[in-house]
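Each chain, written out:
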Amino acid sequence: MDAMAEIRQTFFEECAEQLAELEAGLLAIENGEADSDTVNAVFRAVHSIKGGAGAFCLDDLVHFAHVFETTLDEMRSGRLDSSEKVVKIMLRSADALADLVTVARDGGTADAERNAGLIDELKGLVALAKGEEPPAPTAAAGGGASDGPVYDDGMGDIDFTPVAVDLSDLMGIGGDNKFRIVFKPSPRMYAKANEANRVLRDVYALGEAKVSCNTSEVPHLTAIDPEGAYLTFTIELSTAEPEEKVREVFEFVEFDCDLSIEAIHDAPDGDIEADDPDIAEILARIRATPDDEPTPAKTDEAEEEAPVAAKANQPEPEPEQAKAAPQPAKPAAPSAPAAAKADAAGDGKGGAGVGGAAQTIRVDLERVDRLIDLVGELVIHQVMLSQRAYQAGLARASDVAVGFDELEQLTREIQDSVMAIRAQPVKSVFQRLPRLVREVADISGKQVRLVTEGEWTEVDKTVIERLADPLTHMIRNAIDHGLEKPEDRLAAGKAEEGVVRVAAMHRSGRIVIEISDDGAGINRKRVKEIAIKKGLVPAEANLSDEETDNLIFLPGFSTADKISSLSGRGVGMDVVKRSIQALGGRVSIASRPGKGSTFTMSLPLTLAVLDGMIVSVGDQTVVVPLTAIIETLQPKASEVKSFGGDARLVQVRDTFMPLVDVARELGYSHELASATGGVAILVEAENGARSALLVDGIQGQRQVVIKSLEANYGRVPGIAAATILGDGRVALILDVDAVVATSRVEGNFFNSGMKHAAE
Amino acid sequence: MARKSTKTSNAEGAVYALPEVLDLKAATPLAEKLMSLRGQNIVLDASKVERLGTQCVQILIAAAATWKDEMAAFSIAEPSDSFTSGLQVLGLTPQAILEKEVAQ
């Protein structure tokens, strides 16, 4: 990959992060959880995208981002209320921005009409915000960074006739808006023939300005670089113009200087007064190092070079200024990712955020996967090694055995740490949902509020990746089929706005995701009719409520009367169910007529390791996931009761629970195992139902590395996966829920309702 | 120009007439010229200056500090209006330049 493509890729990765930040921020604003930092973060996100896009000449993106940014700026400065309407427009703009980024990356065309509409709406908001302002022509909104230069190349201009001017001639009229501008040109700015005094003159033209110049950085004559930049200007500007008008002045030098523009409200506050020059000085000092380098560009050739070219060639890392984002992140510079991170994390009030943010690196997923594979092998070999040692007659109390224990602990720690690298909060999936909900709600004409919970629940990356599709599908379903139309809701005495709740949680060593709506619930009568019509169930079938609900998971089932753009194409819940099963997960429904439905999917936390109890079943070794086990016991003859056919119950203290003969379920034997000769393992299924698994004996407890059975062999009902034991043999890992459920509903003609039947 | 009197030796010293145009391109020659004049009292004649660029101002500040450091007199004579207003735009005065403290 050549350097430019690499930079481009970094830019798009950055964009994805910024967009996520943007959306999260806007949602926080929508929910009223926002503070000024949130608004700043949102602003920065858009600004950074704009800055980066400018470097790659992505004009559409720049233009849109610019308008968006202008509007956000109004919000940031408090002139625009974050009312519901405003936030809605902003959210849609964020979606549009995301689309534009995608288009810029992958090609294709954006919805120009929608974007134009949004631009108008955004501009409308700006105008609205300016309503009370003194005359403020807002050419700014439309302009964009791609407009022609505001001023020419400075001192080389022959038309420039210096006149003895009283500065008051230069000054515009003062106004209510007060800004403190700290402006520190970099040598690059001069190299492009931009003159600081020209910029300053433009500032004077805006209103009453008081400039003070910090000369403390100017070195000794012997050390000076004649074309260097050593001066920092602090301008106190009082103007009738709005902030973006002020920013416009700096638009063409903003890439080549340190700039902070800050609105001062009321009388200058003592704290800020003291703070700012200090920070400016610190920043200036940080900056002084790279800038001392002589600039390669010659003054005369630097006619009016776009900031773009210089950006892309700029090799030296630039400490990012975490100020209120006058400066966009610089995706072109190698240091950009870290800098942008810092930028995003900076508190926006002026703390130099460079050092404070958490350090992250980007690693190829492939490398991590390889590491995980290797660690898996390490664990297997460590187990093998210690087993061999004991087989060779090593005393359990010997030093070597102690060493093995330590080694085991160490391997385990390594494994945990490696797994932690891949664990990610489900937030990354949840983040995409608001947009989905908005779009589906728009199309279906329903009002929907999305509530997410537990978005920090961590789960393995592979699980997350494969979670997105089924989740998307289920949410679409919840809105399209679950929620009623607003008028129907009102008629039913519910709020007009439907609620879709998505919650993630850890439960018994798995991640459980619940998607619930407060809609009408499943229309069981209709579901059954359709299923019978489509020949999915016999007409005379007598189905329980759960069984009826589970019909929607059958292939080819669709309740939609008409095919909409959302659903009704017959690819439905069966696909969802299959993809979840492929992950080693399960999905179930609970529906209450008139109250809504809840879809629950449960997935393994990781697809790599498992704590298991090693048990003997017949002459096989089977692993029971430890997370499902509550206790083990040896049933006495008096505690085992049989009823109907060969079903058995075991009494544990004062409750009875079904006794599941594992060997029989898995087909290892056809005889009923003697209940008193084996061990009963009490397990709890995900729905909370308890059963006892009857096995022949317990061998031990161990961490096993999961090897996918599906990938290497095929899916086996009742078996979740396989593993390799210390002696090299393959052992199967029991899918407890499936085994328990199968034992209940044998003879049923479809097995989707099995879980509920166990209750 | 208060500085003139600070050095009691006062007297002659070189007079260097600043060029009319002190723009970006003039920065390097100006720095070289001033370097060559080091070690003696100097009076900069700013009467002809018509255009004053920021980088040249930087050099003048550096020079003032250097002269001060070397205990030699440094002064600016007869600043033209352009010179003064050029400084003023940057938030400076001829006085401010002369009073520049020694930079490390």
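Computed from a prediction, not measured in an experiment: that's the story for all the values here. (Residues numbered from 1 in each chain as written. Chains lettered and ligands numbered in written order. Predicted model: local features only at pLDDT ≥ 70, side-chain atom pairs only at ≥ 80, totals over all residues. Heavy atoms only, no water.)

**Q** I would appreciate a short explanation of the overall build of chain B in the present structure.
**A** Helices and strands together make up the secondary structure of chain B, namely 4 helices and 5 strands. Secondary structure elements of chain B, listed N to C terminal, follow the sequence β-β-α-β-β-α-β-α-α. Evaluated residue by residue, chain B yields a buried proportion of 54% over its 104 residues. Long-range contacts, defined as pairs at least 24 residues apart, comprise 84% of the intrachain contacts of chain B with a sequence gap of at least 6. (Helix = DSSP H or I, 4+ residues; strand = E, 2+ residues; numbered from the N terminus. Buried < 20%, exposed > 50% of the residue type's maximum accessible area, 1.4 Å probe, protein only. Contact = heavy atoms within 4.5 Å.)

**Q** Looking at this structure, how should I read the overall build of chain A?
**A** Regarding its fold elements, chain A presents 26 helices and 22 strands. Going through the 759 residues of chain A one by one, you find that 52% of them count as buried. Total accessible area on chain A is roughly 34300 Å²; 52% of this is exposed by carbon and sulfur atoms. (Areas by Shrake-Rupley, 256 points an atom, 1.4 Å probe, with all protein chains shown as cover.)

**Q** How should I be thinking about the packing of aromatic side chains in this particular structure?
**A** Remark: the centre distance and the inter-plane angle together describe each pair of aromatic rings, the angle taken between the planes. Residue and element names in this part refer to chain A. A complete count under the given rule lists 5 aromatic pairs over all chains for this structure. Residues Phe11 and Phe12 carry aromatic rings whose centres are separated by 5.0 Å and whose planes lie at 55° to one another, so their mutual orientation is tilted. Each of the two residues, Phe11 as well as Phe12, counts as buried. A connected cluster of aromatic rings, assembled from ring pairs, spans Phe183, Phe233 and Phe250. (Phe/Tyr/Trp six-rings, centres within 6.5 Å; stacked < 30°, edge-to-face > 60°.)

**Q** Is there a simple way to explain the interface of chain B and chain A in this structure?
**A** Accessible area lost when the parts come together is the quantity often used to give the size of an interface. Facing 34 residues of chain B, the contacting portion of chain A comprises 35 residues. Regarding the contact of chain B and chain A, the summed buried area is about 3000 Å², with carbon and sulfur atoms giving 64% of it. Broken down residue by residue, the surface that chain B buries against chain A is led by Leu24, Gln58 and Val89 of chain B, which jointly contribute 22%. On inspection of chain B and its partner chain A, the count reaches 0 salt bridges. Counting across the interface, chain B meets chain A through 8 residue pairs in polar contact (both at pLDDT 80 or more). Listing elements by their share of the side of chain B that touches chain A, those giving two or more residues are helix 1 (27–36), strand 4 (51–52), helix 2 (54–69) and helix 3 (81–89) of chain B. Looking at the side of chain B that touches chain A element by element, the count peaks at 10 residues for helix 2 of chain B. Grouping the amino acids of the side of chain B that touches chain A by side-chain chemistry returns 15 nonpolar, 10 polar and 9 charged. (Buried area = accessible area lost by both parts, 1.4 Å probe. Salt bridge = Lys/Arg side-chain N within 4 Å of Asp/Glu carboxyl O. Polar contact = N/O pair within 3.5 Å; in protein donor to acceptor, adjacent residues only side chain to side chain. Nonpolar A, V, L, I, M, F, W, Y, C, P; charged D, E, K, R; others polar.)

**Q** I tried to follow helix 4 (residues 84–106) of chain A on my own but got confused; where do I start?
**A** The α-helix winds at 3.6 residues per turn, so residues separated by three or four positions along the chain end up facing the same way. Here helix 4 of chain A contains 23 residues, and its C-alpha end-to-end distance of 33 Å stays within 8% of the 33 Å for a straight helix at 1.5 Å per residue. Directly beyond the C-terminal end of helix 4 of chain A, a positive phi value near 85° is found at Gly107 of chain A. (Expected span 1.5 Å × (residues − 1).)

**Q** Quick question: what am I supposed to make of the confidence of the model for chain B here?
**A** Detailed reading of the predicted coordinates is not advisable wherever pLDDT is low. With 84% of its residues at a pLDDT of 70 or more, chain B has an overall mean of 78. Across chain B, the secondary-structure element scoring lowest on mean pLDDT is helix 4 (residues 94–98) of chain B, at 79, and the one scoring highest is strand 3 (residues 42–45) of chain B, at 87. (pLDDT = per-residue confidence, 0-100.)

**Q** What should I look at first to understand the pattern of salt bridges in this one?
**A** Two side chains that carry opposite charge are able to pair once their charged atoms sit near each other. Residues and elements named next belong to chain A. Applying the stated criterion across every chain yields a total of 26 salt bridges over all chains. In this structure, Lys494 engages Glu484 in a salt bridge whose closest nitrogen and oxygen atoms are separated by 2.8 Å. Taken as a pair, Lys494 in the loop between helix 19 (486–491) and strand 8 (498–507) and Glu484 in the loop between helix 18 (461–482) and helix 19 lie far apart in primary sequence, 10 residues in all. One exposure class covers both Lys494 and Glu484, and it is buried. Note that Asp549 is salt-bridged to Arg524, the shortest N-O span being 2.8 Å. Pair noted here: Asp549 is in helix 21 (residues 545–550) and Arg524 is in helix 20 (residues 524–533), with a separation of 25 residues, a long-range link.

**Q** Is there a simple way to explain the nonpolar core in this structure?
**A** Within soluble globular proteins, side chains that are nonpolar generally end up buried alongside one another. If you look at the biggest cluster of nonpolar residues, it comprises 65 residues, and the most contacted ones within it are Ile181, Phe183, Ile235 and Phe250 of chain A together with Leu18 and Leu34 of chain B. In terms of residue count, the dominant contributor to this core is helix 2 of chain B (9 residues). Dropping the residues within four chain positions of it, Phe250 of chain A is found in contact with Ile181, Phe183, Val199, Val203, Ile235, Leu259 and Ile261 of chain A. By size, the runner-up hydrophobic cluster in this structure holds 47 residues, among which are Leu433, Ile475, Ile479 and Leu583 of chain A. (Core = buried A, V, L, I, M, F, W, Y, C linked by side-chain atoms within 4.5 Å.)

**Q** So what exactly am I meant to see when it comes to the sheet that holds strand 1 (residues 14–17) of chain B here?
**A** Where strands meet in a sheet, backbone hydrogen bonds hold them as pairs that are either parallel or antiparallel. All names here are of chain B. Ordered in space as 1-3-5, the 3 strands form an open sheet in which the pairing is parallel. The open sheet terminates on both sides in strands that have one partner only, identified here as strand 1 and strand 5 (74–77). Between one strand axis and the next, the sheet turns by 25° as a mean value, whatever way the strands run. Strand direction decides the pairing type here: strand 3 and strand 5, joined by 4 bridges, are parallel. Bridging across to strand 5, Ile42 finds its partner in Phe74. In the packing of helix 2 onto the sheet, contacts are made with strand 3 and strand 5, and the angle to strand 5 comes to roughly 135°. (Pairing = 2+ DSSP bridges. Axes fitted to C-alpha atoms, helices over the stretch in contact; angles between N-to-C directions.)

**Q** How should I be thinking about the UniProt feature "modified residue: Phosphohistidine" (unreviewed entry) in chain A in this particular structure?
**A** Residues and elements named next belong to chain A. Feature annotation in UniProt places "modified residue: Phosphohistidine" (unreviewed entry) on His47, given in this structure's numbering. Mapped onto the elements of the fold, His47 is located in helix 2 (residues 36–55). With a relative accessible area of 4%, His47 lands in the buried category. (UniProt positions renumbered as here; feature names shortened; annotations may be inferred.)

**Q** Honestly, the environment of Arg180 of chain A in this entry has me stumped. Any pointers?
**A** Residue and element names in this part refer to chain A. Turning to its location among the elements, Arg180 is positioned in strand 1 (residues 177–185). Expressed as a C-alpha distance, the spacing of Arg180 and Glu236, which sit 56 residues apart in the sequence, is 4.8 Å. A polar contact of 3.1 Å, which involves the side chain of Arg180, links it to the side chain of Glu236.

**Q** Would you mind going over the packing of helix 1 of chain B against helix 2 of chain B with me for this structure?
**A** For any two helices packed against each other, the geometry comes down to the angle between their axes and how far apart the axes lie. Residues and elements named next belong to chain B. At a closest axis distance of 9 Å, the pairing of helix 1 and helix 2 adopts a crossing angle of 15°. Between helix 1 and helix 2, the angle is such that the two are roughly parallel. In this structure, helix 1 meets helix 2 at a crossing whose hand is right-handed. Contacts between helix 1 and helix 2 involve Ala27, Leu30, Ala31 and Leu34 from the first element and Gln55, Cys56, Ile59, Leu60, Ala63 and Trp67 from the second. The residue makeup of the contact of helix 1 with helix 2, split by class, is 9 nonpolar, 1 polar and no charged. (Parallel < 35°, antiparallel > 145°, perpendicular 65-115°, else oblique. Left-handed = near helix turned anticlockwise from the far one by under 90°.)

**Q** Help me understand a nonpolar patch on the surface in this model?
**A** Residues and elements named next belong to chain A. Together, Leu378, Leu410 and Ile414 line one region of the surface with nonpolar side chains, adding up to about 250 Å² of accessible area. Mapped onto the elements, Leu378 comes out in helix 14 (residues 365–391). Its relative accessible area of 39% is what places Leu378 among the partly exposed residues. (Patch = residues over 30% accessible without salt bridge, like charges linked within 9 Å, V, L, I, M, F, W, Y side chains within 5 Å.)

**Q** Looking at this structure, I do not really get the pairing of strand 15 (residues 640–643) of chain A. What am I missing?
**A** Along any regular strand the residues' side chains alternate between the sheet's two faces. Residue and element names in this part refer to chain A. Pairing between strand 15 and strand 16 (residues 647–652): 4 bridges, direction antiparallel. When the sheet's bridge partners are listed, Phe643 is paired in strand 16 with Ala647. In sequence, strand 15 turns back onto strand 16 through a hairpin of 3 residues, with Gly644 there showing a positive phi of about 35°.

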